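# Descriptive analysis of the structure
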Amino acid sequence: MRIEQSKNAKGKEIYTLVQSGLTIFDKPAQKPLVTVKGNGADLEKTEQFHKWAERKMTTQIMVRRIADIAKELGDFEFAAECWDTYFCMNSIYIANGRLYSKYGYCKNRHCTLCCCIRKAEIINKYSPYLTKTWVNAHLLTLTIKAPYLNRLNHRVDEMYKVLKTIFAKYRKLRRKGKSIKLMGIKSLEILFNPEKEWYHCHFHMVVPDRETADIIKKEWCAYWGKTFANPKCQDIRPVWDMEGALDEVIKYGNKIFTEPNKDKKLQGAANPKIYARAYYHIYKAMKGRRIFDRFGFNLPKPENPKKGMLTDLKDYKQYDFDPNSADYINEDLDFPLIGHNKDPALVYLLKYCIDTKRE
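Residues numbered from 1 in each chain as written. Predicted model: local features only at pLDDT ≥ 70, side-chain atom pairs only at ≥ 80, totals over all residues. Heavy atoms only, no water.

## Re the overall build of the protein
Scanning the protein from terminus to terminus reveals 10 helices and 17 strands. For the protein, with 359 residues in total, the buried portion stands at 43%. Counting only contacts in the protein whose residues sit at least 6 apart along the sequence, the fraction spanning at least 24 positions is 74%. When the accessible surface of the protein is summed, it comes to about 21,300 Å², and 50% of that surface belongs to carbon and sulfur atoms. (Helix = DSSP H or I, 4+ residues; strand = E, 2+ residues; numbered from the N terminus. Buried < 20%, exposed > 50% of the residue type's maximum accessible area, 1.4 Å probe, protein only. Contact = heavy atoms within 4.5 Å. Areas by Shrake-Rupley, 256 points an atom, 1.4 Å probe, with all protein chains shown as cover.)

## Considering a positive patch on the surface
Taken together, the side chains of K164, R171, K172, R175, K176 and K178 define a basic patch exposed on the protein surface. Assignment of secondary structure puts K176 in the loop between helix 4 (152-175) and strand 8 (184-193). Among the residues examined, K176 registers a relative accessible area of 61% and is labelled exposed. (Patch = residues over 30% accessible without salt bridge, like charges linked within 9 Å, V, L, I, M, F, W, Y side chains within 5 Å. Salt bridge = Lys/Arg side-chain N within 4 Å of Asp/Glu carboxyl O. Lys, Arg positive; Asp, Glu negative; His and termini not counted. Charge placed at Lys NZ, Arg CZ, Asp CG, Glu CD.)

## Things to note about the nonpolar core
Judged by nonpolar contacts, the single largest core of 74 residues is most densely connected at L163, L188, I190, M205, I216 and W220. The element that contributes the greatest number of residues to this core is helix 1 (residues 46-72), accounting for 10 residues. V206, V239, A245 and V249 belong to the second largest nonpolar core, which has 18 residues in total. (Core = buried A, V, L, I, M, F, W, Y, C linked by side-chain atoms within 4.5 Å.)

## Some points on the sheet that holds strand 10 (residues 235-238)
Ordered by their spatial adjacency, 5 strands build an open sheet running 10-7-9-8-12, and the pairing between neighbours is antiparallel. The open sheet terminates on both sides in strands that have one partner only, identified here as strand 10 and strand 12 (292-295). Strand-to-strand twist across the sheet, computed as the mean angle between neighbouring axes with direction ignored, equals 20°. In this structure, strand 7 (residues 138-143) lies alongside strand 10, joined through 4 bridges in antiparallel fashion. Following the sheet pairing, T141 is matched in strand 10 by D235. Docked against the sheet, helix 9 (residues 276-286) engages strand 8 and strand 9 (198-207), running at close to 150° with respect to strand 8. (Pairing = 2+ DSSP bridges. Axes fitted to C-alpha atoms, helices over the stretch in contact; angles between N-to-C directions.)

## Describing the pairing of strand 5 (residues 91-95)
Counting buried residues in strand 5 gives 5 out of 5 residues, a clear majority hidden from the surface. Here strand 5 runs beside strand 6 (residues 98-101); their pairing, made up of 4 bridges, is antiparallel. Bridge pairing in strand 6 places Y93 opposite Y100. The antiparallel pairing of strand 5 with strand 6 creates a hairpin that spans 2 residues between the two strands, and N96 there sits at a positive phi of about 55°.

## Comments concerning the packing of helix 1 against helix 10 (residues 344-352)
At a closest axis distance of 10 Å, the pairing of helix 1 and helix 10 adopts a crossing angle of 10°. Considering their axes alone, helix 1 and helix 10 lie roughly parallel with respect to each other. Residues E54, M57, T58, I61, M62 and R65 of helix 1 touch helix 10, and the partners they reach there are L346, V347, L350 and K351. Residue composition of the contact of helix 1 with helix 10, by class: 6 nonpolar, 1 polar and 3 charged. (Parallel < 35°, antiparallel > 145°, perpendicular 65-115°, else oblique. Nonpolar A, V, L, I, M, F, W, Y, C, P; charged D, E, K, R; others polar.)

## Considerations on unusual backbone geometry
Unlike most non-glycine residues, E197 shows phi in positive territory, near 60°. Take E197: it is sitting in the loop between strand 8 and strand 9. With a phi close to 55°, A326 is a non-glycine residue in the positive phi region. Along the chain, A326 turns up in the loop between strand 14 (317-322) and strand 15 (327-330).

## Section: the pattern of salt bridges
Within the structure shown, the criterion is met by 10 salt bridges. D75 is the salt-bridge partner of K284, the closest N and O atoms lying 2.9 Å from each other. Here K284 is found in helix 9, whereas its partner D75 is found in the loop between helix 1 and helix 2 (76-86), with 209 residues between them in sequence. According to the relative accessible area criterion, K284 is partly exposed, its value standing at 30%. The partner of K169 in a salt bridge is E219, with the nearest N and O atoms 3.1 Å apart.

## Considerations on helix 5 (residues 210-228)
In a regular helix each residue adds 1.5 Å, so 19 residues correspond to 27 Å; helix 5 covers only 23 Å between its end C-alpha atoms and thus falls short of that length. When helix 5 is considered as a whole, its buried residues turn out to be T212, A213, I215, I216, E219, W220, C221 and W224. Residues of helix 5 that are buried make contact with strand 7, helix 4, strand 9, strand 10 and strand 12. (Expected span 1.5 Å × (residues − 1).)

## Some details on the packing of aromatic side chains
Throughout the structure, instances matching the rule amount to 21 aromatic pairs. Seen in terms of ring centroids, Y148 and W198 are 6.1 Å apart; in terms of plane orientation they differ by 55°. Their pairing is tilted. With Y148 in the loop between strand 7 and helix 4 and W198 in strand 9, this pair connects stretches of sequence that are 50 residues apart. Overall, Y148 belongs to the partly exposed group, its relative accessible area being 45%. What makes W198 partly exposed here is its relative accessible area of 25%. Each ring, one from F203 and one from W220, has its centre 6.1 Å from the other, and the planes form 80°; the classification is edge-to-face. (Phe/Tyr/Trp six-rings, centres within 6.5 Å; stacked < 30°, edge-to-face > 60°.)

## Describing the side chain of H138
Summarising the element assignment, H138 is placed in strand 7. Within the local environment of H138, its side chain forms a polar contact with the backbone oxygen of N136, the two atoms lying 2.9 Å apart. In contact with H138, other than residues within four places in its own chain, are M205, V206, V207, D209, R210, A213, I236, R237, P238 and V239. (Polar contact = N/O pair within 3.5 Å; in protein donor to acceptor, adjacent residues only side chain to side chain.)

Note that every value here comes from positions in space, so none of it alone points to a role or purpose.
Written out as structure tokens, the structure reads:
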């Protein structure tokens, strides 16, 4: 290092430091901080990671098809939501012997990973309380005559209005001492029937006793009449396993996205089809609605509420999802995290059996 004398534009002498004979080494680039939520997952639970990879693969393939349909129909907002879902939890991180995903999920109903997380949260939140207090719980399914596409939104609107009317009526009766309190949890599910080309809309409910189920069924059938709500098609059955009943209720709309590897009926069919355009219409019918909700009661406040703790990771290994292998790969090591073997039946369904034309 030496001092060198020179002159500036005005002729004034200035002194500068000149580097001589030394090699400059750039500082190694530091990894950006990654904010994660919660305590992470146990790395030994490999079965969970295989399901995670399978859901991610299913979601990416399906939402690309649905995004194309939305774009074709001029629904660019929904197409953008599909691409948010496509990249949701695209990276996972390993630090301190735990596995984390980046905080900030897409939370879309067509994302299997977000649905899975939300479903687990709801079950963990409700199951202990309902198991303890609703010892005579019943599972109630309310359905109506399936509408065609041109009546789908109107019919779903009316279903919600009918339940709202029933609950309001019995709140007034209870104030007068003429009825029990109606309470329970409910969710909406819509399925597509390709043979009839109509949409099967129905509510699943868990209620505390048979009396509540009978009242809601009676009022539901009275409003719709036998033409639209045959009493024989409204199902009531005891709940023997509360967690299993919650699993049945909390599907977030349809079975393909929440349980891609459990639809054995579809995988065993002679000519199976997944109707992507129908799924687009289903999610549009659900948009802006509260799919899962409780009525008539509140959960007790926990004594020590656990808030989702955010943590900044500094030293971590990053794995990015590779669609070709359906696995998470570390680009530095070119090493798969899971060693996932794709289910041949599911791969066949997603590659050859997605119909994007039929409504």
